[in-house]
Protein chains: 2
Amino acid sequence: MDTVTSALLTDLYELTMLQAARQAGTASRRSVFEVFTRSLPEGRRYGVLAGTGRVLDAIADFRFDEADLRYLRRTGVLDEETLAHLADYRFTGDVHGYEEGELFFPNSPVMRLEGTFEDAVMLETVILSILNHDSGVASVGSRMITAARGRPCIEMGGRRVHEDAAIAAARAAYIVGFASTSNLAAGAHYRVPAAGTSAHAFTLLFDSEEEAFRAQIASQGVGTTLLVDTYDVDAAVRLAVEIAGPELGAVRLDSGDLGAQSIRVRALLDSLGATSTRITATGDLDEFRVEELAQAPLDGYGIGTRLVTGGGHPAPGFVYKLVEREGADGQMHPVGKRSQDKATLGAGKRAFRMLVGDRAHAELVLPGEAEIAEFQRELTAELISAEASPEWRRTNLRPLQVPMIRGGEPVQSLRAPQQVEAARARHAASFAELALDVEDGPDGPIAIPTVTDGIEAARVLR
Amino acid sequence: MDTVTSALLTDLYELTMLQAARQAGTASRRSVFEVFTRSLPEGRRYGVLAGTGRVLDAIADFRFDEADLRYLRRTGVLDEETLAHLADYRFTGDVHGYEEGELFFPNSPVMRLEGTFEDAVMLETVILSILNHDSGVASVGSRMITAARGRPCIEMGGRRVHEDAAIAAARAAYIVGFASTSNLAAGAHYRVPAAGTSAHAFTLLFDSEEEAFRAQIASQGVGTTLLVDTYDVDAAVRLAVEIAGPELGAVRLDSGDLGAQSIRVRALLDSLGATSTRITATGDLDEFRVEELAQAPLDGYGIGTRLVTGGGHPAPGFVYKLVEREGADGQMHPVGKRSQDKATLGAGKRAFRMLVGDRAHAELVLPGEAEIAEFQRELTAELISAEASPEWRRTNLRPLQVPMIRGGEPVQSLRAPQQVEAARARHAASFAELALDVEDGPDGPIAIPTVTDGIEAARVLR
């Protein structure tokens, strides 16, 4: 396929709306769009935002080239005036958002765009594609890392998803703590460490397992990982140690009852003197299977399908909504639809993580900056009247939204690998603030409530 | 992100295996790799293969460029001899496969690569990424089209998946019968008709719904689709007909009880004289919801999330397995692992759809071409001895695998839009052969059994 500009990663209706608004004279109304999700999937305690860095790049690159315009002209839907406008388009508004790697909860305003209607409306599709995909992977990946209790995890799901999604999935997995990826493109572009040694095809290529093992060790050294379940696991483990010696790096189990096998293989390795040889498990793992394997003598996991497909919840359901816009009176007005099951609150929101000491207690979402003082007054009054413990005096509001684009210009220009390292650090720090007990298992109630005023917040702290 | 060559859409272990095999002198052994899936998801009656055209393009483009080689050198895992080999790499083997759009069943050998081990092993990741993703979308999309009973469906899920996956998803949806897509890139690259008019943001941009409707009709004409659930559906429908007149193209419902609303809106439209105005439904639809809406007075559907994420089964579980390879004796040998839960049968397979008249009865998978005569003998003998009805004499074996690449050269070079039209025709024809009853609903047993000899086949026909 030819190179695709980010501008065509767009739904047609963004452009028909733009054209109609231009003709009606409303296209230049100042507008505020927000990205948020109404809920978390059942059992999920939090979500992890990923893709922000990719969104900022996509906005910077959002230009219609000659080929795009030729195609759009051919659809017959857009007139020459609109096409000329698109040819010159670049986003000139502002973007604020949660840092990449940050946690989110229902109604967290993870990104806010301010500009004219025509400037911001067109970015909907590409912003949602990126944030929904990457956050879907990051949200389940974070649970897997918790379940793995410090044992290193390799992302290896590329073959189960679209070939370009595979790269973004590896990137998202690294942000939430995966140690490495099988995907070379993610290694090249994001400097995610690449890992992998061999598959069953390698063993089957040789006339015997022994020849295959000898060939792999000759090429990769005794520190390699040998795949031991092509024929008979026990025989393969004996053979592996016989050939590599006790310095053998690791053996990999990819089928069968991984828990029972790992106990047998650990005992066998130890009896052969290979006490430092690690055991890695792969094959249809997810956070629940990894949790069940917590007591098994395993030293690492390779996780694929369930990670890269979001563990049954491929997209967090992020939507991009017009929440505030200029009216005919020149003033800004909050707006929102009143559909039966999808009502939204208007106005551009401000968000804070409410902490006591270094522990998160609530997600605070206020309709505007002006409401912060009001919030503080309400909270203090409520807690004093309830004679709450003075612990709450250590309450701290960590601002979650940072400026990302101002007047169309990026506030900070990070190279791709730096973006990813910063997001990995952000995820680790924000996850620590939740102070979840790993023994509770992956599922549970939402970790902290989303509150919108001081009275609700006081209820949380009392 | 920089442009990615298809060669880096690869797992590292493909290259470490290649290097080890080269060093051991086995890399040039003739090898046969096959793509198949062991099972269908519970309830699925068939799968639809999509992505073949994209795979053929990826194989043709599979070259390591300078930047790729620099990155690979930096990993420190590959030696200069291997890097030099990769710099010159191009696939020189043969590919046979099911035509794009064809149906598949458990163990259908949908693609077969023949070449040296080192030629074919590296293509695993990109082949599986494409076939798993595209077939996941096509397989659920075909069910949605059946449930829609001829009412046109628009693919509009791009915002719920990775931005590039969105393009491939639109392509796959079109192959199985979707009428159009919201995605402009799919329109530009594959000539899938693009569709869409407006979102809630458009209505909210204006000071009143009336101004919004007037602006949309002024720009798009009375044939447009007006979104009527931003405030009050009934009021919006009245307003829409008042402004557009009875020539109004369509109204769209995007929330609430779509069935009940459509009945009310149909009656209202008819009472206003807008008897030819269509009603389109969108919002969290899948094949089951569409099935439930069969009796509702709806004229079309827009389907997003559940389509592009594979309806709960994002990937069909296609694997790429070495099934046959040259041994030290210079002869070809079937190979397969004997893992507890993933045992595979060796040998490159030949596949046929077994039809009686124009109706499919079985998927025939034979270990080689030579077995066809044997199959015919077994089948005939069994049926005659069982005194089966002479209907079976109309049995016809339609070959499913066609040559696609010979000696590294494409057998047929179709442009992207032609690929997609051919696949759409193939899907329609093969689906018709199943003769499924739409009244049975989407789920059921697998439509036809996979048989591997004449005795099994006779059991199906008796």
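For the structure itself, look to the data block above.
The structure presented is a predicted model; accordingly, all values stated were derived computationally and were not measured.

Rules of the game
- Residues numbered from 1 in each chain as written.
- Chains lettered and ligands numbered in written order.
- Predicted model: local features only at pLDDT ≥ 70, side-chain atom pairs only at ≥ 80, totals over all residues.
- Heavy atoms only, no water.
- Helix = DSSP H or I, 4+ residues; strand = E, 2+ residues; numbered from the N terminus.
- Buried < 20%, exposed > 50% of the residue type's maximum accessible area, 1.4 Å probe, protein only.
- Contact = heavy atoms within 4.5 Å.
- Areas by Shrake-Rupley, 256 points an atom, 1.4 Å probe, with all protein chains shown as cover.
- Lys, Arg positive; Asp, Glu negative; His and termini not counted.
- Charge placed at Lys NZ, Arg CZ, Asp CG, Glu CD.
- Pairing = 2+ DSSP bridges.
- Phe/Tyr/Trp six-rings, centres within 6.5 Å; stacked < 30°, edge-to-face > 60°.
- Lys NZ or Arg CZ within 6 Å of the ring centre and 35° of its normal.
- Salt bridge = Lys/Arg side-chain N within 4 Å of Asp/Glu carboxyl O.
- Least-squares fit on C-alpha atoms with pLDDT ≥ 70 in both.
- Buried area = accessible area lost by both parts, 1.4 Å probe.
- Nonpolar A, V, L, I, M, F, W, Y, C, P; charged D, E, K, R; others polar.
- Patch = residues over 30% accessible without salt bridge, like charges linked within 9 Å, V, L, I, M, F, W, Y side chains within 5 Å.
- Expected span 1.5 Å × (residues − 1).
- Axes fitted to C-alpha atoms, helices over the stretch in contact; angles between N-to-C directions.
- Parallel < 35°, antiparallel > 145°, perpendicular 65-115°, else oblique.
- Left-handed = near helix turned anticlockwise from the far one by under 90°.

Things to note about the overall build of chain A
Phase 1: Within chain A one finds 17 helices and 19 strands.
Phase 2: On the principal axes, the C-alpha backbone points of chain A span a range of 85 × 70 × 40 Å.
Phase 3: Among the 462 residues that make up chain A, the fraction classed as buried is 60%.
Phase 4: For chain A, long-range pairs separated by at least 24 residues make up 76% of all intrachain contacts whose partners lie at least 6 apart in sequence.
Phase 5: For chain A, the exposed surface amounts to about 16600 Å²; the carbon and sulfur share of it is 49%.
Phase 6: Within chain A, the 66 negative side-chain charges are centred at a point lying 3 Å from the centre of the 47 positive side-chain charges.

As for the environment of A:Arg338
Phase 1: Note that A:Arg338 resides in the loop between strand 13 (332–334) and strand 14 (350–356).
Phase 2: The exposure class assigned to A:Arg338 is exposed, which follows from its relative accessible area of 57%.
Phase 3: Separated by 71 residues in sequence, A:Arg338 and A:Ala267 have C-alpha atoms that sit 63 Å apart.
Phase 4: If we ignore the near neighbours within four places in the chain, the residues touching A:Arg338 are B:Thr230 and B:Tyr231.

Thoughts on the sheet that holds strand 8 (residues 225–227) of chain B
All names here are of chain B.
Phase 1: The parallel open sheet is built from six strands, whose spatial order is 7-6-11-10-9-8. On the outer flanks of this sheet lie strand 7 (180–181) and strand 8, each paired with one strand and no other.
Phase 2: Where strand 8 and strand 9 (residues 250–253) come together, three bridges link them in parallel fashion. Bridge pairing in strand 9 places Leu226 opposite Val251.

Notes on the packing of aromatic side chains
Residue and element names in this part refer to chain A.
Phase 1: Counting across every chain of the model gives 14 aromatic pairs over all chains.
Phase 2: Ring centres of Tyr46 and Phe431 lie 5.6 Å apart, and the angle between their planes is 55 degrees; on these two criteria the pair is classed as tilted. Residue Tyr46 is found in the loop between strand 1 (30–36) and strand 2 (47–48), and its partner Phe431 is found in helix 16 (residues 416–434); the two are separated by 385 residues along the sequence. We note that Tyr46, like Phe431, is buried.
Phase 3: Members of the aromatic cluster, each reached through a chain of ring pairs, are Phe33, Phe117 and Tyr320.
Phase 4: The ring of Tyr174 is capped by Arg424, whose NZ or CZ atom sits 4.1 Å from the centre of that ring.

Regarding the pattern of salt bridges
Phase 1: Tallying each qualifying case throughout the model produces 70 salt bridges over all chains.
Phase 2: The partner of B:Asp234 in a salt bridge is B:Arg264, with the nearest N and O atoms 2.9 Å apart. A residue pair is termed long-range when its members are at least 10 positions apart, and B:Asp234 in helix 11 (residues 233–244) and B:Arg264 in helix 12 (residues 258–271) qualify at 30 residues.
Phase 3: With relative accessibility at 25%, the residue B:Asp234 sits in the partly exposed group.
Phase 4: One network of salt bridges, in which partners are shared, links A:Glu99, A:Glu102, A:Arg353, A:Glu363, A:Arg398, A:Arg426 and A:Glu433.

With respect to the relation of the copies chain A and chain B
Phase 1: Laying chain A over chain B is done by rotating through 180 degrees and shifting 0.0 Å along the axis; what remains is an RMSD of 0.0 Å. Viewed as a symmetry operation, the transformation between the two copies matches a two-fold axis.
Phase 2: Residue by residue, 99% of the interface of chain A is reproduced at the interface of chain B, so both copies engage with the same surface.

Side note on the pairing of strand 17 (residues 401–406) of chain A
All names here are of chain A.
Phase 1: Summarising the sheet, strand 3 (residues 94–98) and strand 17 pair through four bridges and their orientation is antiparallel. Bridging across to strand 17, Gly97 finds its partner in Val402.
Phase 2: Strand direction decides the pairing type here: strand 17 and strand 18 (residues 409–410), joined by two bridges, are antiparallel. The partner of Arg406 across the bridge, within strand 18, is Glu409.
Phase 3: Between strand 17 and strand 18, which pair antiparallel one after the other, the connecting turn spans two residues, and Gly407 there sits at a positive phi close to 55 degrees.

Brief notes about unusual backbone geometry
Phase 1: One non-glycine residue, A:Arg191, adopts positive backbone phi at about 60 degrees.
Phase 2: Considering the arrangement of structural elements, one finds A:Arg191 in the loop between helix 8 (184–190) and helix 9 (200–205).
Phase 3: The backbone of B:Arg149 sits at a positive phi, close to 50 degrees, despite the residue not being glycine.
Phase 4: Secondary-structure assignment places B:Arg149 in the loop between helix 6 (124–148) and strand 6 (153–155).
Phase 5: What makes B:Arg149 partly exposed here is its relative accessible area of 30%.

Re the interface of chain A and chain B
Phase 1: The interface is formed by 101 residues belonging to chain A together with 101 residues belonging to chain B.
Phase 2: Buried area between chain A and chain B, both sides added, is near 8200 Å², and the carbon and sulfur share of it is 57%.
Phase 3: A per-residue breakdown of the area chain A buries against chain B is headed by A:Arg159, A:Leu184 and A:Leu205, which together make up 10% of the total.
Phase 4: The interface formed by chain A and chain B contains 10 salt bridges.
Phase 5: A salt bridge links B:Arg159 to A:Glu14; the nearest nitrogen and oxygen atoms lie 3.6 Å apart.
Phase 6: A per-element tally of the side of chain A that touches chain B places helix 1 (residues 12–24) of chain A first, with 11 residues.
Phase 7: Its residues assigned to classes, the side of chain A that touches chain B comprises 42 nonpolar, 35 polar and 24 charged.

Observations regarding the environment of B:Asp270
Residues and elements named next belong to chain B.
Phase 1: Within the fold, Asp270 resides in helix 12.
Phase 2: A relative accessible area of 34% means that Asp270 is categorised as partly exposed.
Phase 3: Distance from Asp270 to Arg238, taken between C-alpha atoms, is 11 Å for residues 32 residues apart in sequence.

Comments concerning a positive patch on the surface
Phase 1: A surface patch of positive charge is lined by A:Arg70, A:Arg74, B:Arg191 and B:Arg415.
Phase 2: Relative to the helices and strands, B:Arg415 is located in the loop between strand 18 (409–410) and helix 16 (416–434).

Describing the pairing of strand 12 (residues 319–326) of chain B
Phase 1: Strand 12 of chain B sits mainly inside the fold: eight of its eight residues count as buried.
Phase 2: In this structure, the hairpin formed by strand 12 of chain B and strand 13 (residues 332–334) of chain B is closed by a connection of five residues, where B:Gly330 is found at a positive phi of approximately 80 degrees.

Re helix 1 (residues 12–24) of chain B
Each α-helix turn comprises 3.6 residues. Residues three or four places apart therefore point the same way.
Residues and elements named next belong to chain B.
Phase 1: Taking 1.5 Å per residue as the helical rise, helix 1 with its 13 residues ought to reach 18 Å, and the 19 Å between its terminal C-alpha atoms agrees with that figure.
Phase 2: Counting buried residues in helix 1 gives 10 out of 13 residues, a clear majority hidden from the surface.
Phase 3: Inspection of helix 1 places Leu12, Tyr13, Glu14, Leu15, Thr16, Met17, Leu18, Gln19, Ala20 and Ala21 among the buried residues, and these make up the whole buried set.
Phase 4: Directly after helix 1, the chain includes Gly25, whose backbone phi takes a positive value near 80 degrees.

Some details on the sheet that holds strand 6 (residues 153–155) of chain A
Think of a sheet as strands paired side by side through backbone hydrogen bonds, with each pair either parallel or antiparallel.
Residue and element names in this part refer to chain A.
Phase 1: The strand order across the open sheet formed by six strands is 7-6-11-10-9-8, and the pairing between neighbours is parallel. Each edge of the open sheet carries a strand with a single partner, namely strand 7 (180–181) and strand 8 (225–227).
Phase 2: Examined bridge by bridge, strand 6 and strand 7 share two bridges and lie parallel to one another. Across the sheet, Glu155 pairs through a bridge with Thr181, a residue of strand 7.

Some remarks on the packing of helix 10 (residues 209–220) of chain A against helix 11 (residues 233–244) of chain A
Residue and element names in this part refer to chain A.
Phase 1: The contact between helix 10 and helix 11 brings their axes to 10 Å, and the two run at 40 degrees. Accordingly, the angle class assigned to the pair helix 10 and helix 11 is oblique. Handedness of the crossing formed by helix 10 with helix 11: right-handed. Contacts between helix 10 and helix 11 pair Glu209, Glu210, Phe213, Arg214 and Ile217 from the former with Ala236, Leu239, Ala240, Ile243 and Ala244 from the latter.

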